[in-house]
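# Coordinate analysis (summary)
What follows is the residue order along each chain.
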Amino acid sequence: EELALIEQAGLDILHVEDLSRHYALTLQRWIDNVRRNRRAIEARAPGFSALLQQYMTVARLSFERRTALEYMILATRGAPAVDPGAWPIAAEASS
């Protein structure tokens, strides 16, 4: 759907990357941080750490189960100014 709209706008699609795995990993790290800092969070906002952890757990599971997806689409009009294969995220994904 999005790819067709991008092409209709006259852009050339150079790269599409699924970031869902990265989102799941980031959310797990945030959950770990909430657990480590629960006392400090509770001191400022009682009950918030549990709510935050639940919200982030649902989001993490959604990305892991692929019921939520996140993509990065690199598109350009004309010749690209940079080599999209040289981006760190592309190198990370291929390893």
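Residues numbered from 1 in each chain as written. Predicted model: local features only at pLDDT ≥ 70, side-chain atom pairs only at ≥ 80, totals over all residues. Heavy atoms only, no water.

### Quick word on unusual backbone geometry
In this model, Arg66 sits at a positive phi of 65°, which is unusual for a non-glycine residue. Within the fold, Arg66 resides in the loop between helix H4 (48–64) and strand S2 (71–76). Since its relative accessible area comes to 42%, Arg66 is described here as partly exposed. (Helix = DSSP H or I, 4+ residues; strand = E, 2+ residues; numbered from the N terminus. Buried < 20%, exposed > 50% of the residue type's maximum accessible area, 1.4 Å probe, protein only.)

### Some thoughts on the environment of Tyr23
Inspection of the secondary structure assignment puts Tyr23 in helix H2 (residues 20–36). With a relative accessible area of 35%, Tyr23 lands in the partly exposed category. Expressed as a C-alpha distance, the spacing of Tyr23 and Glu70, which sit 47 residues apart in the sequence, is 7.9 Å. With sequence-adjacent residues up to four places away left out, Tyr23 is seen in contact with Phe63 and Glu70. (Contact = heavy atoms within 4.5 Å.)

### Points about the nonpolar core
Residues Ala24, Leu27, Ile31, Val34, Ile41, Met56, Ala59 and Phe63 constitute the largest nonpolar core, which totals eight residues. Counting residues per element, the ones that place at least two in this core are H2 and H4. Considering every element that reaches this core, the biggest residue donor is H2, with four residues. Not counting the four nearest positions on each side in its chain, Ile31 is found in contact with Gln53, Met56, Thr57 and Arg60. (Core = buried A, V, L, I, M, F, W, Y, C linked by side-chain atoms within 4.5 Å.)

### Concerning the pattern of salt bridges
Applying the stated rule across the entire model yields three salt bridges. Its salt-bridge partner being Asp18, residue Arg66 comes within 2.8 Å of it at the nearest N-O pair. Here Arg66 is found in the loop between H4 and S2, whereas its partner Asp18 is found in strand S1 (residues 12–18), with 48 residues between them in sequence. Across the pair Asp32 and Arg35 runs a salt bridge, and its minimum N-O distance is 3.8 Å. Remark: Arg35 and Asp32 occur in helix H2; sequence separation between them is three residues, near one turn of the helix. Arg35 sits in the partly exposed class, given a relative accessible area of 46%. (Salt bridge = Lys/Arg side-chain N within 4 Å of Asp/Glu carboxyl O.)

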